[in-house]
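Summary of the model geometry
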Amino acid sequence: PVSLHEINDLPTELLTDPIDMYNMTTLEQRFAQVEFQPERVDKIYPTHKHLMIKRSQRCRRCEHNLSKPEYNPTSIKFKIQLAAYYHVPEIIIFKVEPMERGKHTRFVIKVVNPTNSGSVLEVVSLAEYQDTKAKEDAARKEKGEEEKTTVSAINPLRQPSIVEATDQNMNIATAEVTLPKSKIYLPPRDDAAEFDEGGVDLAGHVDDRDVVMWRKSNKVGIQLKVKPSEENVLVAFAIQYQYTNTIFAHDSKKEVRTATICVPVFLNLGKAA
């Protein structure tokens, strides 16, 4: 126990001067400097900042450049940017209604087309995705296009990976999802579309009003139904879309190629009552 006489009096500034919270440090700022723990902002010491550098990324299989920034340190542009984020449609959970076990509930996802070319999107089940992938693997083996282990040309001492990548998330779904049967058109990305007062150009495609809830530029809201069976609601399906490769067509004489790509999607919709 401490007697009252040993406790110092509070400073008179707390009673006379107005309190300015902008000059007071937060707990994060104080914990960042445990030795001093300054109470005011003007008492904070400068902290060390880690060095930020530019890095290039290569594919582990073919060793092509996936990301290569410019050498100019003041530039934030990339000479090569082949990350999947810039080519695969982005899917975001837009709206989820209150869910109950054993009952169908609607939810809306927002799909964004990051490419500069239009695409046709189709939502398929995970079983159809696995069947398509199995057929492609069988056709590749018949043509003799099996993947061969190659030695790295950049680092010959690096050992190739001997572990085969497998899909371990195919059986994590805990809810049944009802997928639309109609195809959905994704307009190309246009930076100036936000200032355009006209509607979205669907290129002759007609939307299903029961599936497409709204459109804005290269974004579209798609409505699906889910039937939860457990408390944690996890749904699984796949998206199949047309991808147009125009990256190498501008710098070379190669023709523009269009391929059908199927990608699995797993969404965590929250908890059901």
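A brief report on the enclosed structure follows. Nothing here was measured: the structure is a model prediction, and the numbers come from that model.

Section: the nonpolar core
- In terms of nonpolar packing, the biggest core is built from 26 residues, with I222, V235 and F237 touching the most fellow members.
- Those elements that place two or more of their residues in this core are β5 (105-112), β6 (119-124), β7 (175-178), β8 (184-186), β10 (219-228), β11 (232-245) and β12 (257-271).
- Of all the elements, β11 adds the most residues to this core, at six residues.
- Not counting chain neighbours up to four residues away, the residues in contact with F237 comprise I109, V123, V124, L126, L179, L224, V263, P264, V265 and L267.
- In this structure, M170, A236, A238 and C262 belong to the second largest nonpolar core, which totals seven residues.

Quick look at the sheet that holds β6
- Ordered by their spatial adjacency, four strands build an open sheet running β8-β6-β11-β12, and the pairing between neighbours is antiparallel. One side of each edge strand has no neighbouring strand; the edge strands of this open sheet are β8 and β12. Shown here is a sheet whose adjacent strand axes are inclined to one another by a mean of 30°, direction ignored.
- Here four bridges tie β6 to β11, and the two strands are oriented antiparallel to one another. Bridging across to β11, E122 finds its partner in Q240.
- Lying over the sheet, helix α3 (residues 126-142) contacts β6, β11 and β12, oriented at roughly 145° with respect to β12.

Quick word on the pairing of β6
- Looking at chain direction, β6 and β8 are connected through three bridges and run antiparallel. Note on β8: the bridge partner recorded for L121 is I184.

Looking at the sheet that holds strand β1 (residues 57-58)
- One open sheet accounts for three strands, arranged β1-β2-β3; its pairing is antiparallel. The outermost strands of the open sheet, each flanked by one partner alone, are β1 and β3 (78-81).
- Two elements, strand β2 (residues 65-69) and β3, share three bridges in a ladder whose sense is antiparallel. If you follow P69 over to β3, its bridge partner there is F78.

Rules used throughout
Residues numbered from 1 in each chain as written. Predicted model: local features only at pLDDT ≥ 70, side-chain atom pairs only at ≥ 80, totals over all residues. Heavy atoms only, no water. Core = buried A, V, L, I, M, F, W, Y, C linked by side-chain atoms within 4.5 Å. Buried < 20%, exposed > 50% of the residue type's maximum accessible area, 1.4 Å probe, protein only. Helix = DSSP H or I, 4+ residues; strand = E, 2+ residues; numbered from the N terminus. Contact = heavy atoms within 4.5 Å. Pairing = 2+ DSSP bridges. Axes fitted to C-alpha atoms, helices over the stretch in contact; angles between N-to-C directions.

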